[in-house]
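Okay, here's what each chain looks like letter by letter:
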Amino acid sequence: VLCRNLSWNTTDDTLRQAFSQFGTVLDSIVMRDRETGRSRGFGFVTYGTSQEAEVAISSMNEQDLDGRRIKVNLANTRPTGTAGGYGGGAGGGGGGGGGYSGGGYGSALHQE
């Protein structure tokens, strides 16, 4: 699940806490600038099932988290093998199409 418009105060842990009420959170991460360590304003939450992800999206999209109205979409995933860490990538864009394949928030960073 792609979470955008995050507060700079939102951490991996607060993201996990906010989204754990909708299912089992396998992973949560707020993307940070490589050099400054400051939040880039978006992150990812990985659920065990697509149903949990869908409930989280419908429940959290346009809701307040740490003083910011966040945008929550289904993250587009690519086949494994194209991930390669947390570099570059636009991070914006909408969700839609395709099923949630579980895992793979790193691979979503290379979408343009």
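To be clear, the structure that these remarks concern was listed above.
Fair warning: this is a prediction, and the values are worked out from it, not measured in the lab. (Residues numbered from 1 in each chain as written. Predicted model: local features only at pLDDT ≥ 70, side-chain atom pairs only at ≥ 80, totals over all residues. Heavy atoms only, no water.)

Checked against the element boundaries, Asn-5 lands in the loop between β1 (2–4) and α1 (12–19). Sequence separation between Asn-5 and Lys-71 is 66 residues, and the spatial gap between their C-alpha atoms is 6.2 Å. Of the polar contacts made by the side chain of Asn-5, one reaches the side chain of Arg-68; its length is 2.3 Å. A distance of 2.6 Å separates a polar atom in the side chain of Asn-5 from the backbone oxygen of Arg-69. (Helix = DSSP H or I, 4+ residues; strand = E, 2+ residues; numbered from the N terminus. Polar contact = N/O pair within 3.5 Å; in protein donor to acceptor, adjacent residues only side chain to side chain.)

Attention shifts here to the nonpolar core. Val-1, Leu-15, Phe-19, Val-45 and Tyr-47 are the most contacted members of the largest nonpolar core, which totals 19 residues. Mapped by element, the contributors of at least two residues to this core are α1, β2 (25–32), β3 (39–47) and α2 (50–60). With four residues, α2 is the largest single contributor of residues to this core. Contacts of Phe-19, omitting those with residues within four sequence positions, involve Cys-3, Val-25, Val-45, Tyr-47, Ala-56, Met-60, Ile-70 and Val-72. Among the nonpolar cores identified, the runner-up in size contains six residues, and Leu-2, Ile-29, Phe-44 and Ala-75 belong to it. (Core = buried A, V, L, I, M, F, W, Y, C linked by side-chain atoms within 4.5 Å. Buried < 20%, exposed > 50% of the residue type's maximum accessible area, 1.4 Å probe, protein only. Contact = heavy atoms within 4.5 Å.)

Under the criterion given, the structure shown has one aromatic pair. Look at Phe-42 and Phe-44: their rings are 5.9 Å apart centre to centre, the planes differ by 85°, and that puts the pair in the edge-to-face class. On the basis of relative accessibility, which here comes to 1%, the residue Phe-44 falls in the buried class. One cation-aromatic arrangement involves Arg-38 over Trp-8; the distance from NZ or CZ to the ring centre is 3.7 Å. (Phe/Tyr/Trp six-rings, centres within 6.5 Å; stacked < 30°, edge-to-face > 60°. Lys NZ or Arg CZ within 6 Å of the ring centre and 35° of its normal.)

Next up on the list: the sheet that holds β2. Pairing within the open sheet is antiparallel, and its four strands lie in the order β2-β3-β1-β6. Looking along the sheet, the strands with just one partner apiece sit at the ends: β2 and β6 (71–73). Put simply, the sheet's adjacent strands are angled 20° from each other on average, direction ignored. Examined bridge by bridge, β1 and β3 share three bridges and lie antiparallel to one another. Directly across from Cys-3, in β3, lies its bridge partner Gly-43. (Pairing = 2+ DSSP bridges. Axes fitted to C-alpha atoms, helices over the stretch in contact; angles between N-to-C directions.)

What follows deals with α1. Within the sequence span of α1, burial applies to Leu-15, Ala-18 and Phe-19. Here the buried residues of α1 occupy an arc of 90° about the axis, which is enough to place them on one side. For α1, the exposed residues lying more than 90 degrees away from the buried face are Asp-13 and Gln-17. Looking at the buried positions of α1, the neighbouring elements they touch are β1, β2, β3, α2, β4 (64–65) and β6. (Arc of directions from axis to C-beta.)

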